[in-house]
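Summary of structural features
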Amino acid sequence: MGTDLISFSKVCKRYPGGYEALKDVSFSVEPGEMVFVTGHSGAGKSTLLKLIAAMEHATSGSVLIAGQNVSSLRRPAIPFLRRKLGLVFQDQKLLYDRSAFDNVMLPLVVTGHPWREAAKRARAALDKVGLLDRERANPIALSGGEQQRLCIARAVVNRPNILIADEPTGSLDTEYADAIIDMFRSFNQVGVTVLISTHDDRPIRRLSPRVLTLNRGSLA
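Residues numbered from 1 in each chain as written. Predicted model: local features only at pLDDT ≥ 70, side-chain atom pairs only at ≥ 80, totals over all residues. Heavy atoms only, no water.

1. Considering the sheet that holds strand β1 (residues 6-14)
Sheet strands pair by backbone hydrogen bonding; their relative direction is either parallel or antiparallel. Ordered by their spatial adjacency, four strands build an open sheet running β2-β1-β4-β5, and the pairing between neighbours is antiparallel. The open sheet terminates on both sides in strands that have one partner only, identified here as β2 (20-29) and β5 (68-69). Across six bridges, the pairing between β1 and β2 is antiparallel. Across the sheet, S7 pairs through a bridge with S28, a residue of β2. (Pairing = 2+ DSSP bridges. Helix = DSSP H or I, 4+ residues; strand = E, 2+ residues; numbered from the N terminus.)

Given below as structure tokens:
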């Protein structure tokens with residue numbers, strides 16, 4: 001195998017009814033890269049990211065993560081794949097009846113970490129995103145930007161080597177959006193591979209990252 005961490009080869013994704021979200025998409029991402037996925041609404045950005053996380057499966061073609069074909073994974077193996085990934089998706093809801101601390105602890109509890117170690121890592125993740133002083137607050141008491149930072153803390157608490165974010169700044173004002181993107185950049189600078197979908201070209205102009213542009217399901 002080569003050095004690619006993520007590799008798409010002739011990937012198509014067709015939904016029932018015939019709608020093609022992705023058409024013959026091929027690209028690769030090396031360890032430590034920061035890649036932005038852009039395109040119009042409905043271009044296929046979310047679908048592309050969900051294929052990496054095995055939240056969707058390709059209709060044809062192959063999706064490889066560290067040489068492993070995600071599309072052929074059996075259901076019991078998918079949680080093991082996701083432990084390598086940090087996921088920040090629009091539809092991954094916070095638990096509003098639990099504290100910020102409990103929300104970040106959840107992935108570690110699920111994977112069986114000893115409580116004392118898990119608590120230490122949860123607080124380190126909250127500190128990294130600037131929310132350690134809000135650990136007892138429930139998400140409903142946090143601003144939109146703080147809720148997004150809480151999602152990021154939960155995504156990175158397992159120390160993933162790939163961080164994936166779907167429109168993480170979509171509902172935030174400019175100042176908060178810049179802070180969130182800078183947070184992803186800081187993770188990238190310590191070696192985490194980062195993929196971010198966005199329709200906002202401001203961070204792209206500011207950071208000049210590698211960009212994949214989708215147009216009606218095809219890479220432009």
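Moving on from the coordinates now.
2. Examining helix α3 (residues 100-110)
Listed as buried for α3 are A100, F101, N103, V104, M105, P107 and L108. Residues of α3 that are buried sit in contact with α4 (115-128) and α5 (144-156). Two residues or fewer after α3 comes G112, characterised by a positive phi angle close to 80 degrees. (Buried < 20%, exposed > 50% of the residue type's maximum accessible area, 1.4 Å probe, protein only. Contact = heavy atoms within 4.5 Å.)

3. Observations regarding the nonpolar core
The biggest cluster of nonpolar side chains holds 38 residues, and the ones touching the most others in it are V104, L126, L150, I152, L163, F184 and I196. Put simply, the parts of the chain that give this core at least two residues each are β3 (34-39), α3, α4, α5, β7 (162-166), α6 (174-189) and β8 (193-197). Setting aside residues up to four positions removed in sequence, L126 forms contacts with A100, F101, V104, L131, L132, E135, L150 and A153. In this structure, L5, V25, L49 and A54 belong to the second largest nonpolar core, which totals 32 residues. (Core = buried A, V, L, I, M, F, W, Y, C linked by side-chain atoms within 4.5 Å.)

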